[in-house]
Every structure is written in structure tokens, then in C-alpha cells.
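Take a look at the letters that make up each chain.
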Amino acid sequence: MDVYLQALNSLLDESDDPHASIGVTLHLGGGALHGHLISHRAWREAWLDQIHESDPAVAAFLNTALAALPTDAGDPDPSAAPYLHLRDVTYLHGTENAEESLWRGPVSAVSGWSLTQPRL
């Protein structure tokens, strides 16, 4: 696990600013992606908003189910969480690019990273 990337992740998770983000490019086994690194809390709220837009009943169920989970389920301590959360993501794979609004992945999947975003 890269301590510098984990430090940025922890900084965002501990921030009181729900809009805080840092532009990054992550290199993964199958290509790269770039977007804005955000806190687990901001990602979870945006994820639930997306679900609510597609099916409010499912979103209500998920809110209830997630609230009932013990604190050690999923991301127990966001400052030590092994997951990264990004918004406004573009996947770069060969000559193909794909855009997504949200991404969540394990820190262990990242083979390299930078604070810059590629010029496309």
C-alpha cells in the first residue's frame, strides 16, 4: 500500500469539507483512470443519490440496511480504509475512453499514480 496515496485518502476522509477533492490519475493492471479522489462519505452519498434517482425504494432499503451494519463492516475506519473513491472518472484503456460518475476500488489494485490528470 502506497503511504502517500493512503495519506491523501485519509486527509480527504478526515476533512470537514464534503466537496474536498484531489485530481489524480491511477494506473491499474488493465489501464489507467483519472478523476477526483473524494472521501468515502462523499462517495457513499453520491452513490445513494444515484440509486435513489433510479429506484427510490431500493435506496430506502439500502439506507436502512447500511445503517444497521456494525461499524466494522465495509469501511470500518475511513482513515484506514483500503478503498479509494473517485468521482468524474474517465477510464483510459488503449485508444478507448469511458466515463463514469463514480468509482470505488482497493488501494492494492493501484500500481502507480500521479496528482496530475492526462491531457486528452
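It should be noted that the structure appears before, not after, this text.
In this text, all values refer to a predicted model and were calculated from it rather than measured experimentally.

### Thoughts on the sheet that holds strand β3 (residues 83-93)
Backbone-to-backbone hydrogen bonds join strands into a sheet, with any given pair of strands oriented parallel or antiparallel. With antiparallel pairing, five strands are arranged side by side in an open sheet as β4-β3-β2-β1-β5. Since the sheet does not close on itself, it has two edges, and those belong to β4 (96-106) and β5 (110-114), each with one partner. On average, adjacent strands in this sheet sit at an angle of 30° to one another, irrespective of strand direction. The sheet strands contacting helix α1 (residues 3-14) are β1 (22-28), β2 (31-38), β3 and β5, and the helix crosses β2 at an angle near 35°. Across the face of the sheet, helix α2 (residues 40-54) comes into contact with β2, β3 and β4 while running at roughly 120° to β4.

### Side note on the packing of aromatic side chains
The description of two aromatic rings rests on the distance between their centres and on the angle between their planes. Scanning all chains against the criterion turns up one aromatic pair. Where Trp43 meets Trp47, the ring centres are 5.5 Å apart and the plane angle is 10°; that geometry is what we call stacked. One end of the pair is Trp43 and the other is Trp47, both in helix α2 and four residues apart, which spans about a single turn. Residue Trp43 is classed as buried on the basis of its relative accessible area of 10%. Across from the ring centre of Trp43, 5.4 Å away, lies the NZ or CZ of Arg104, which sits over that ring. Looking at Arg104, its charged tip hangs above the ring of Tyr83, at a distance of 4.0 Å from the centre.

What counts, and where the lines are drawn
Residues numbered from 1 in each chain as written. Predicted model: local features only at pLDDT ≥ 70, side-chain atom pairs only at ≥ 80, totals over all residues. Heavy atoms only, no water. Pairing = 2+ DSSP bridges. Helix = DSSP H or I, 4+ residues; strand = E, 2+ residues; numbered from the N terminus. Axes fitted to C-alpha atoms, helices over the stretch in contact; angles between N-to-C directions. Contact = heavy atoms within 4.5 Å. Phe/Tyr/Trp six-rings, centres within 6.5 Å; stacked < 30°, edge-to-face > 60°. Buried < 20%, exposed > 50% of the residue type's maximum accessible area, 1.4 Å probe, protein only. Lys NZ or Arg CZ within 6 Å of the ring centre and 35° of its normal.

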